[in-house]
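Per-entry structural report
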Amino acid sequence: MPLHWRARTSWRSAATPTPPPRPAVRRRHAITAVVLLMMAAIGLLNARTAQAAVACRVGYTIASQWNTGFTANVTINNLGDAINGWRLTWSFGAGQQITQIWNASQSQSGSSVTASNLSYNAALPSGGSASFGFNGSWSGSNPAPTAFSLNGVACTGSPGEPTPTPTPTPTPTPPGGTGTLPTSFRWHSSGALIAPKPDATHNIAGIKDPSVVYYNGKWHVFASTANSSGYNLVYTNFTDWSQAGSAPQYYLDQSGIGTGYRAAPEVFYFAPQNKWYLVYQTGNASYSTTTDISNPRSWSAPQHFYSGMPDIIRQNIGNGYWVDMWVACDNVNCYLFSSDDNGHLYRSQTTVANFPNGFSQPVIAMQDAKNNLFEASNVYKVKDTNQYLLIVEAIGSDGKRYFRSWTSTSIGGSWTSLAASESNPFARANNVTFDGTAWTRDISHGEMIRDGYDQTLTISPCNMRYLYQGLDPSAGGDYNSLPWRLGLLTQTNSTC
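1. Topic: the overall build of the chain
- Scanning the chain from N- to C-terminus turns up 3 helices and 33 strands.
- The burial tally for the chain puts 50% of its 496 residues in the buried class.
- Counting only contacts in the chain whose residues sit at least 6 apart along the sequence, the fraction spanning at least 24 positions is 59%.

Listed below in structure tokens is the structure:
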């Protein structure tokens, strides 16, 4: 019986199968349809993503090179659709190795390199760019890579644009007039225009030692930041001096310049190399470079003009400090000046063709009593003349900072006094007027407003202006903690 029953049951199942309930069929078909729709949507999304236009161009420049090392700057120009997350790959042609990188992460296997975005620069909009830099080692030769790929797509430029866009020529400074330097000076000062902007990681007491150029319709200001723990650098830009106080400030320890002691910047465009230089002190005479002054992250890591403190400085510095490096060039040579806070002004030189390498051992260009020739030297070419202007900061008999001045027919020549005493200074509290009560009695370390921006440091002698650091006359205490601010002098006795 059981066997017979099983046979019958099996037969009935084969001959007359019981269909599943219709509601289950409808649910299954509905689920299948949803899945198919989702798959279609995902496929469409993937198809659209796959069809995103990727086009790019890469700029690779060797900022500096020495013995077995070099610094390179890389700029990715996105000529296609916006990208959120980028990965640039290339191969070195002579076995170079990356030893340090900034504004990107990197991995390297043999000659093959991958550089990837960091969290803050992942977004690369259409028409936008991203820059990073690195230090590397080389042996034998150091050729630039010739092929790059962005997210797996070769960077060959967009259709109809097979060659890189040339480096733009900087916009000229608003033109100054021509004339001669007076034998005495009179100035009017603005109020304090630029003050520190501390943040969570930068507890800044003072902003000082400014350098400034006018480029592409903006003023670009670099300065030292100071507090009780030391110095670093800061950058800001604006279109008009009325905006100087409200303009954002960018701390350059977030660039390749890095953390640690950096102070007293000087910025200029070195036309023979189509790049910007920032010269500053690190305990040595140092510099960084970029091809884009408006991108503060793009500055390269510090390099040094000297291997260490030159012997002549070591022999004469006494209890002073080696400070305030300053570069100025003529058509043949570039000259590097520095001070020792002990009455000596030093000068060394190299050719324009060899800059920034090959500086000679310094010589003493000028010497005087310690407070008479203290620090913060500037050298400028006077427009349409065969004359150069030198100014150096001194400490007056009242303990306040001021500037003395000299002229010469060559940067490397001897200097003749122009306005060089407390009674006839280049700039001092006694030849500066203020609106209302003077906010400072110190006229200290700063920079002339130039007639250009290149390595010749040309100024007009007409209606001169000078960006300087000043100080509340009642302030005192630790020097690094003093509340320095930046103000602007305007000449009131122009001869033009």
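2. Concerning the confidence of the model for the chain
- Of all residues in the chain, 84% attain a pLDDT of 70 or more, and the chain-wide mean is 87.
- Overall, residues 1–51 carries pLDDT values under 50, and its contacts beyond four positions in sequence, including any with other chains, amount to 2 contacts.

3. Some remarks on the environment of Tyr-287
- With respect to the helices and strands, Tyr-287 occurs in strand β19 (residues 285–290).
- Under the relative-accessibility criterion, Tyr-287 is labelled buried at 4%.
- In this structure the C-alpha to C-alpha distance between Tyr-287 and His-304, which are 17 residues apart in sequence, comes to 6.4 Å.

4. A word on the side chain of Ser-224
- With respect to the helices and strands, the residue Ser-224 is situated in strand β14 (residues 218–227).
- At 2.7 Å, the side chain of Ser-224 and the backbone nitrogen of Ala-264 are in polar contact.
- If sequence neighbours within four positions are ignored, Ser-224 has contacts with Gly-206, Ile-207, Lys-208, Asp-209, Tyr-231, Asn-232, Leu-233, Ala-263, Ala-264 and Pro-265.

5. Looking at the pattern of salt bridges
- Tallied over the entire structure, the rule returns 8 salt bridges.
- Put simply, Glu-375 and Arg-401 hold a salt bridge, and the shortest N to O gap is 3.1 Å. With Glu-375 in strand β25 (residues 375–382) and Arg-401 in strand β27 (residues 401–408), the pair connects residues that are 26 residues apart, well separated along the chain.
- Classification of Glu-375 by relative accessible area gives buried; the value is 10%.
- The exposure class assigned to Arg-401 is buried, which follows from its relative accessible area of 11%.
- Notably, a salt bridge pairs Arg-428 with Asp-398, separated by 3.4 Å at the nearest N-O pair. On the criterion of sequence distance, the pair formed by Arg-428 in the loop between β28 (416–417) and β29 (432–433) and Asp-398 in the loop between β26 (388–395) and β27 is long-range, its members being 30 residues apart.
- With a relative accessible area of 12%, Arg-428 lands in the buried category.
- Within this structure, Glu-375, Glu-393 and Arg-401 form a network of salt bridges that share partners.

6. Points about unusual backbone geometry
- Note that the residue after Phe-355, namely Pro-356, is joined by a cis bond; omega there is 10°.
- With respect to the element layout, Pro-356 can be found in the loop between β23 (344–351) and β24 (363–367).
- If you check the backbone angles, Asp-341 has positive phi at about 55° while not being a glycine.
- By the element assignment, Asp-341 lies in the loop between β22 (333–339) and β23.
- Classification of Asp-341 by relative accessible area gives buried; the value is 8%.

7. What about the packing of aromatic side chains?
- Counted by the stated rule, this structure contains 37 aromatic pairs.
- Residues Phe-185 and Trp-187 carry aromatic rings whose centres are separated by 6.0 Å and whose planes lie at 10° to one another, so their mutual orientation is stacked.
- Here the aromatic rings of Phe-305 and Phe-359 are separated by 5.4 Å at their centres, their planes lie at 85°, and the arrangement is edge-to-face. Of this pair, Phe-305 sits in the loop between β20 (303–304) and α3 (311–316) while Phe-359 is found in the loop between β23 and β24, placing the two residues 54 residues apart along the sequence.
- Within the aromatic cluster, the residues linked to one another by ring pairs are Tyr-60, Phe-70, Trp-86, Trp-90, Phe-92, Phe-132, Phe-134 and Phe-148.

8. Considerations on the environment of Arg-87
- Tracing the chain through its elements places Arg-87 in strand β4 (residues 87–91).
- The partly exposed category is assigned to Arg-87, whose relative accessible area is 39%.
- Sequence-wise, Arg-87 and Ala-122 are 35 residues apart; in three dimensions their C-alpha atoms are separated by 9.5 Å.

9. Focus on the nonpolar core
- Counting residues in each nonpolar core, the largest one holds 60 residues, and the members touching the most others are Phe-305, Phe-355, Leu-389, Phe-426 and Met-464.
- With residues up to four places along the chain from it excluded, the contact list for Phe-426 reads Phe-185, Trp-187, Leu-389, Ile-391, Phe-403, Arg-404, Ser-405, Ala-419, Asn-431, Met-448 and Met-464.
- If you look at the next biggest cluster of nonpolar residues, it comprises 24 residues, including Phe-70, Trp-90, Ile-98 and Ala-104.

10. As for the sheet that holds strand β11 (residues 153–154)
- Here 5 strands make up an open sheet; going across it, the order is β6-β7-β4-β10-β11 and the pairing antiparallel. Pairing within the sheet leaves two strands with one partner each, and these edge strands are β6 (105–109) and β11.
- Sheet analysis places strand β10 (residues 148–150) next to β11, joined by 2 bridges and oriented antiparallel. Note on β11: the bridge partner recorded for Leu-150 is Val-153.

11. Let's talk about the pairing of strand β32 (residues 465–470)
- For β32, the tally of buried residues reaches 5 of 6 residues, placing the bulk of the element in the interior.
- Direction of pairing for strand β30 (residues 444–448) relative to β32: antiparallel, over a ladder of 4 bridges. Among the inter-strand pairings, Gly-446 is bridged to a residue of β32, identified as Tyr-468.
- Judged from the 6 bridges that link them, β32 and strand β33 (residues 485–491) form a sheet pairing that is antiparallel. Among the inter-strand pairings, Tyr-466 is bridged to a residue of β33, identified as Leu-489.

12. So, the state of the cysteines
- Taken as a whole and assessed by the stated rule, the structure comprises 3 disulfides.
- Across a sulfur-sulfur distance of 2.0 Å, Cys-56 and Cys-155 are joined as a disulfide pair. Between Cys-56 and Cys-155 the sulfur-sulfur dihedral comes to about -95°; the bridge is accordingly left-handed. With Cys-56 in strand β1 (residues 56–66) and Cys-155 in the loop between β11 and β12 (187–189), the pair connects residues that are 99 residues apart, well separated along the chain. The exposure classification of Cys-56 matches that of Cys-155, with both residues buried.
- If the cysteines joined by disulfides in the chain are listed in sequence order, their pairing comes out as 1-2, 3-4, 5-6.

Rules and cut-offs
Residues numbered from 1 in each chain as written. Predicted model: local features only at pLDDT ≥ 70, side-chain atom pairs only at ≥ 80, totals over all residues. Heavy atoms only, no water. Helix = DSSP H or I, 4+ residues; strand = E, 2+ residues; numbered from the N terminus. Buried < 20%, exposed > 50% of the residue type's maximum accessible area, 1.4 Å probe, protein only. Contact = heavy atoms within 4.5 Å. pLDDT = per-residue confidence, 0-100. Polar contact = N/O pair within 3.5 Å; in protein donor to acceptor, adjacent residues only side chain to side chain. Salt bridge = Lys/Arg side-chain N within 4 Å of Asp/Glu carboxyl O. Phe/Tyr/Trp six-rings, centres within 6.5 Å; stacked < 30°, edge-to-face > 60°. Core = buried A, V, L, I, M, F, W, Y, C linked by side-chain atoms within 4.5 Å. Pairing = 2+ DSSP bridges. Disulfide = S-S within 2.5 Å.

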